[in-house]
Amino acid sequence: MSIETAPRPAGHQPLSHALPDLAAWVQHFRDREIPVLANTSDALEAMRANEDDVDANLIGEMVADDPLMTLKVLAYAATHRPARLVTDVETVTAAVVLMGISPFFGAFGLQPTIEDALAERPEALAGLNDVLRRAHRASRFALAFAIHRQDHDAALIHEAALLHDFAEMLLWVHAPDLALTIQRAQAADPTLRSNAIQHRTLNVELFDLQQALMKAWTLPDLLIRISDDRHAEHPTVQNVVLAIRLARHTAHGWDNAAIPDDVTDIAQLLNMSTAATQAMLQNLDY
């Protein structure tokens, strides 16, 4: 990925075949520009035109609705961090404060959009939009759980849930044929394990690719740890994992057979009754 805001290379074609290994996938995505939501690009231009009235919080709130723009800002901040700074920049707002408003707009010019990138691929755009909707719902659940738990890292937990499936988002943008192959295989056989079909189609699992990209972009250590599902015994990680699970299982309503187990596990995390937890969750689902 090019963190800079250079336009997409002329004649760039989406990837239609699997790359051989994890290193090749990491390099491929690092060399590609990350497009963002059209609403984000438009809002950024509106703010640019009124720069004197814009502050870091306003930019942070705008970017927080867009997982790919969030990823882009955090990656830029991590790779352009001053040598004197010894702590990680963990949120978009903190990144903008560090950069300054004018330098932020200088670094992030007119942004390419996912709608333009997939204009001729409506099935892929629909698939990506499904992942984006799930990310928004998961981040809303995760933030509510964190606030209830009085977790001091609530903002980072929200961010981790929002970014949890960013590798899948990038796959829809840059390799839509491969993303569709995975989607169709899972639709044909709902018992098929995601990691199995991913490895068969891509030669890698998206979880491993995502963790490798986060490390390659030197994203905050705490964000990487919170995003590591393999350590779900930690309450902060569990907070994110359960929010993601619930968002997946309730994507098409509240009648999925797995939801009662989700509610039981979330009730345990929040130290609430299952009835109170069920009511809280449905109030959050808007």
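Structure first, text after, so check above.
Residues numbered from 1 in each chain as written. Predicted model: local features only at pLDDT ≥ 70, side-chain atom pairs only at ≥ 80, totals over all residues. Heavy atoms only, no water.

### Considering the overall build of the chain
Stage number 1. Secondary structure assignment for the chain yields 17 helices and zero strands.
Stage number 2. For 286 residues, the compact-globule estimate of 2.2 N^0.38 gives 19 Å, and the C-alpha radius of gyration of the chain, at 19 Å, lies within 12% of that figure.
Stage number 3. For the chain, the C-alpha atoms occupy an extent of roughly 50 × 40 × 30 Å along the three principal directions.
Stage number 4. Burial statistics for the chain: of 286 residues in total, 48% are counted as buried.
Stage number 5. Taking as baseline every contact in the chain between residues at least 6 positions apart, the subset at least 24 positions apart corresponds to 71%.
Stage number 6. Summing over all exposed atoms, the chain offers an accessible surface of approximately 13300 Å²; the carbon and sulfur share of this is 51%. (Helix = DSSP H or I, 4+ residues; strand = E, 2+ residues; numbered from the N terminus. Rg over C-alpha atoms; globule rule 2.2 N^0.38 Å. Buried < 20%, exposed > 50% of the residue type's maximum accessible area, 1.4 Å probe, protein only. Contact = heavy atoms within 4.5 Å. Areas by Shrake-Rupley, 256 points an atom, 1.4 Å probe, with all protein chains shown as cover.)

### Comments concerning unusual backbone geometry
Backbone phi values are negative for most residues with the exception of glycine, while trans is the configuration of most peptide bonds.
Stage number 1. One non-glycine residue, Gln150, lies in positive phi territory at about 55°.
Stage number 2. Inspection of the secondary structure assignment puts Gln150 in the loop between α8 (122–148) and α9 (154–163).
Stage number 3. Residue Gln150 is classed as exposed on the basis of its relative accessible area of 67%.
Stage number 4. For Asn271, which is not glycine, the phi dihedral falls at a positive 60°.
Stage number 5. Relative to the helices and strands, Asn271 is located in the loop between α16 (259–270) and α17 (274–284).
Stage number 6. Relative accessible area serves as the criterion here: at 73%, Asn271 is assigned to the exposed category.

The analysis is restricted to geometry; functional conclusions fall outside its scope.
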